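What follows is each chain in one-letter form.
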Amino acid sequence: MPELPEVETVVRDLRAAGLEGRTIRRALLHWPGMIDGGDAARFCRLVRGRRIRAIARRGKFIRFELSGGWTLLAHLRMTGQFELLPSREPRAPHERAALVLDDGRELRFRDTRKFGRWQLVRDAGARLARLGPEPLAPDFSAGRLQAALRGRRGRLKPLLLNQAIVAGLGNIYADESLWVARLHPARSAGNLSAAELRRLHAAMRTVLRRAVAARGTSLGDGQTNFRGLGERRGGYQRLLRVYGRTGEPCRRCGTAVQRIVLAQRGTHFCPRCQILGRRAGCGRTVR
DNA sequence: ATCGCAGCCTGTACGC
DNA sequence: TGCGTACAGGCTGCGA
């Protein structure tokens, strides 16, 4: 499930593979539905002949800055993967699109479940303006997190998944961050103490930094799992504390990790380390 | 503002 | 073994 660390890994891999500076000869869209806005022909026409000037990440979006002021925004959603292969390589299963480059290679996009999206925009800033702050940016302080949560009455986990609050967290790293911060996922965000806020802020950054260093999380080994460019798997699955560990002992206290559904998402936490505050619920430890 | 749900998809895991 | 069903989840859009 590509979240911030996985998307960051892909961006770094693409840069390291020398994609910046290459020119797009043409685009192939095997599944036109992946173009946001739906106009696949327009996409192909507009992208043709443009140079990839830079590649960057914003939240879970990959930004390809193209010549002529256009930006290709790519979102991997659940199962999107990029590959950079020689043009002679046969098309892989679930390949949805490719950008034919000027050096004999193609940037290929595989996406088993067809959730991924590409969008060509003039003003990427406007499109990305709804995203909240970057949690790993140097200026993302506890105060900025507090400002982002100010006035919010919702529960912590749904808010952490809301990309307008903070950009880049998904289900895995939201659960992991809350465990590190020792905060219950259903805890009301509106009444965090200053200390709890600092804990949450530090936890998010620690978890995300370590996950980036580990090149993200690769669960299982089917084709729906995350890989960086090529076959290299991430390593953070070995460091997961609660996600996917239902019934296994908490790494802090040994209590069985519990799974509940919050905001329609599987949510993993330690019922002993992460207790609900008095105002958020019934005031007792959830079993 | 917040919540829950449907929809988009398909591989995988499960029960029978 | 084979079938059917539930489930996984990022994001959007809808209605409450």
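This one's a predicted model, so the numbers in the text were calculated from it and none came from an experiment. (Residues numbered from 1 in each chain as written. Chains lettered and ligands numbered in written order. Predicted model: local features only at pLDDT ≥ 70, side-chain atom pairs only at ≥ 80, totals over all residues. Heavy atoms only, no water.)

Once that is clear, we can look at the domain arrangement of chain A. Partitioning chain A into structural domains gives domain 1 (4-127) and domain 2 (142-269). Its C-alpha centre places domain 1 at a distance of 28 Å from the equivalent point of domain 2. Between domain 1 and domain 2, the residue contacts involve 22 residues of the former and 21 residues of the latter. Both sides together, the interface formed by domain 1 and domain 2 hides about 1,700 Å², and carbon and sulfur atoms give 60% of it. There are 1 salt bridge connecting domain 1 and domain 2. Residues Asp 13 and Arg 215 are paired through a salt bridge, measuring 2.9 Å at the closest nitrogen-oxygen approach. At the junction of domain 1 and domain 2, the tally comes to 6 residue pairs in polar contact (both at pLDDT 80 or more). (Domains from an automatic or database assignment. Contact = heavy atoms within 4.5 Å. Buried area = accessible area lost by both parts, 1.4 Å probe. Salt bridge = Lys/Arg side-chain N within 4 Å of Asp/Glu carboxyl O. Polar contact = N/O pair within 3.5 Å; in protein donor to acceptor, adjacent residues only side chain to side chain.)

It is worth spelling out the sheet that holds strand 1 (residues 24-29) at this point. Pairing is antiparallel in the open sheet, where 4 strands are placed in the order 1-6-7-5. Each having just a single partner strand, strand 1 and strand 5 (80-86) make up the two edges of the open sheet. For this sheet the average axis-to-axis angle between neighbouring strands, irrespective of direction, equals 20°. With 5 bridges connecting them, strand 1 and strand 6 (residues 95-101) associate as antiparallel partners. Bridge pairing in strand 6 places Arg 26 opposite Val 100. (Pairing = 2+ DSSP bridges. Helix = DSSP H or I, 4+ residues; strand = E, 2+ residues; numbered from the N terminus. Axes fitted to C-alpha atoms, helices over the stretch in contact; angles between N-to-C directions.)

Under the definition given, this model contains 6 aromatic pairs. A centroid spacing of 6.1 Å and a plane angle of 20° characterise the contact between Phe 82 and Trp 118, whose relative ring orientation is stacked. A residue pair is termed long-range when its members are at least 10 positions apart, and Phe 82 in strand 5 and Trp 118 in strand 8 (residues 117-121) qualify at 36 residues. Of the two residues examined, Phe 82 and Trp 118, each falls in the buried class. The interplanar angle of 55° and the centroid separation of 5.7 Å between the aromatic rings of Tyr 173 and Tyr 236 together place this pair among those described as tilted. With a gap of 63 residues between them, Tyr 173 in helix 6 (residues 171-181) and Tyr 236 in the loop between helix 7 (194-213) and strand 9 (258-262) connect regions that are remote in the sequence. No difference in accessibility class separates Tyr 173 from Tyr 236, as the two residues are buried. Taken together through their ring pairs, the aromatic side chains of Phe 43, Phe 64, Phe 82, Phe 109 and Trp 118 make up a single cluster. When the ring centre of Phe 115 is taken as reference, the NZ or CZ atom of Arg 113 above it lies at 5.8 Å. A cation sits over an aromatic face here: Arg 252 above Trp 179, 3.7 Å from the ring centre. (Phe/Tyr/Trp six-rings, centres within 6.5 Å; stacked < 30°, edge-to-face > 60°. Buried < 20%, exposed > 50% of the residue type's maximum accessible area, 1.4 Å probe, protein only. Lys NZ or Arg CZ within 6 Å of the ring centre and 35° of its normal.)

Phi is positive for Arg 77, close to 50°, though the residue is something other than glycine. Take Arg 77: it is sitting in the loop between strand 4 (71-75) and strand 5. Residue class for Arg 77 comes out partly exposed when judged on its relative accessible area of 42%. Despite not being glycine, His 94 shows a phi value in the positive range, around 65°. Within the secondary structure, His 94 sits in the loop between strand 5 and strand 6.

Moving on to the confidence of the model for chain A. For chain A, per-residue confidence averages 90 on the pLDDT scale, and 94% of positions sit at 70 or higher. In the predicted structure, residues 279-287 sits below a pLDDT of 50 and forms 15 contacts with residues beyond four places in sequence or in another chain. (pLDDT = per-residue confidence, 0-100.)

Attention shifts here to the sheet that holds strand 3 (residues 61-66). Spatially, 4 strands are ordered 2-3-4-8 in an open sheet, and the strand pairing comes out antiparallel. If you trace the sheet from one side to the other, it starts and ends with strand 2 (52-58) and strand 8, each paired once. Strand-to-strand twist across the sheet, computed as the mean angle between neighbouring axes with direction ignored, equals 20°. With respect to the sheet, helix 1 (residues 4-16) is in contact with strand 2 and strand 3, its orientation differing from that of strand 2 by roughly 165°.

Quick look at the pattern of salt bridges now. Throughout the structure, instances matching the rule amount to 17 salt bridges. The salt bridge partner of Arg 15 is Glu 20, with a shortest N-O separation of 3.6 Å. Of the charged contacts, one joins Glu 248 and Arg 245 as a salt bridge, the two residues approaching to 3.5 Å between their closest N and O atoms. According to the relative accessible area criterion, Arg 245 is buried, its value standing at 7%. A single salt-bridge network, built from bridges that share partners, covers Glu 8, Arg 12, Arg 57, Arg 58 and Glu 134.

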